[in-house]
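Commentary on secondary and tertiary structure
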Amino acid sequence: TTDSVAVGTYHVIVTSSIGCTDTATVSVTASSNSVTINFVGDQTICEGDSVQLQTTMGINPIWTPYEALSCVYCPDPLAFPTQTTDYAVTVITNNGCTVTDSLTVNVIPKNSMSAGEDLTLCTNGSVMLNGSSGIGTPSWNNGTTLDNNLTFTPNANPTQTTEYILSVNTGSCILTDTMTVFVVSSAQVSGDDIEICAGDTVQMNLDGFAQSYTWSPAIGLSDPNTQNPTIVLEESTTYTILAEIPNCPSASTDI
């Protein structure tokens, strides 16, 4: 005998001490050195979802790593990883061989995509939506008001205020996010006069629909180009706020 032999058929002839002979034949075959996983390729899930892993051959399966698995010594555990994870399974085949195979479960974070910020549009105008995602195929609803609902940044031309839902499909993971395009006939801005003690800080709270806001003068403002800056003043001041939307009548108010 030897520790290892090649695959093939072997014949042995044995001769006794008195000259008698006998023959025997033995075949040596090789077992498959792989484990079949019961789905095609790696898997992709959304953060918080699960997927079932499965082996279709062998006995005494052992899965690693054991974290985020419903069981370790079973052929079909549920995997619910919080991040992309490589899983390996080791089994013993019917011929006594120990074999291992592996796969990857890709996890897509829920915050990996966005439909973008809400936008304001003047009647009969159009605006580009600002969807984004690190991976996946986009699809918007309300396709009749978009020039292309299968891109992250389509042009939208709704005739009334419209909510848009962006879906991003990656494998078996579908993530969604929502934004709104507000349709107005002109920019809008309004607010009330306020009183504060000298040196105090106040956060403004204007109502308005606009793409841009400009405060004048810029005295005491945290940012003169935002809708609601913080203000610190030592003396009474009157501000003029200009609200604008491209290709639309502007609006202003004094505070």
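Rules used in this analysis
- Residues numbered from 1 in each chain as written.
- Predicted model: local features only at pLDDT ≥ 70, side-chain atom pairs only at ≥ 80, totals over all residues.
- Heavy atoms only, no water.
- Pairing = 2+ DSSP bridges.
- Helix = DSSP H or I, 4+ residues; strand = E, 2+ residues; numbered from the N terminus.
- Axes fitted to C-alpha atoms, helices over the stretch in contact; angles between N-to-C directions.
- Buried < 20%, exposed > 50% of the residue type's maximum accessible area, 1.4 Å probe, protein only.

**Looking at the sheet that holds strand β8 (residues 98-108)**
As summarised here, the arrangement of the four strands in space is β3-β8-β7-β5, forming an open sheet in which the pairing is mixed. Strands at the two margins of the open sheet, each flanked by one partner only, are β3 (43-46) and β5 (59-64). The mean inter-strand angle of the sheet, taken between neighbouring strand axes irrespective of direction, is 25 degrees. Note: β3 against β8, four bridges, orientation parallel. Bridging across to β8, Ile-45 finds its partner in Val-107.

**Structural notes on the pairing of strand β22 (residues 240-244)**
Only one face of β22 is covered, namely the one carrying Ile-241 and Ala-243; the face carrying Thr-240, Leu-242 and Glu-244 has none of its residues buried. Relative to β22, strand β20 (residues 212-216) is paired through five bridges, and the arrangement is antiparallel. For Tyr-213, the partnering residue across the bridge sits in β22 and is Ala-243. As defined by bridge partners, β22 adjoins strand β23 (residues 251-254) across four bridges and the pair is classed as antiparallel. From the neighbouring strand, Thr-240 faces β23, where its bridge partner is Asp-254. Here β22 folds back onto β23, and the loop between the two strands holds six residues, one of which, Asn-247, carries a positive phi near 60 degrees.

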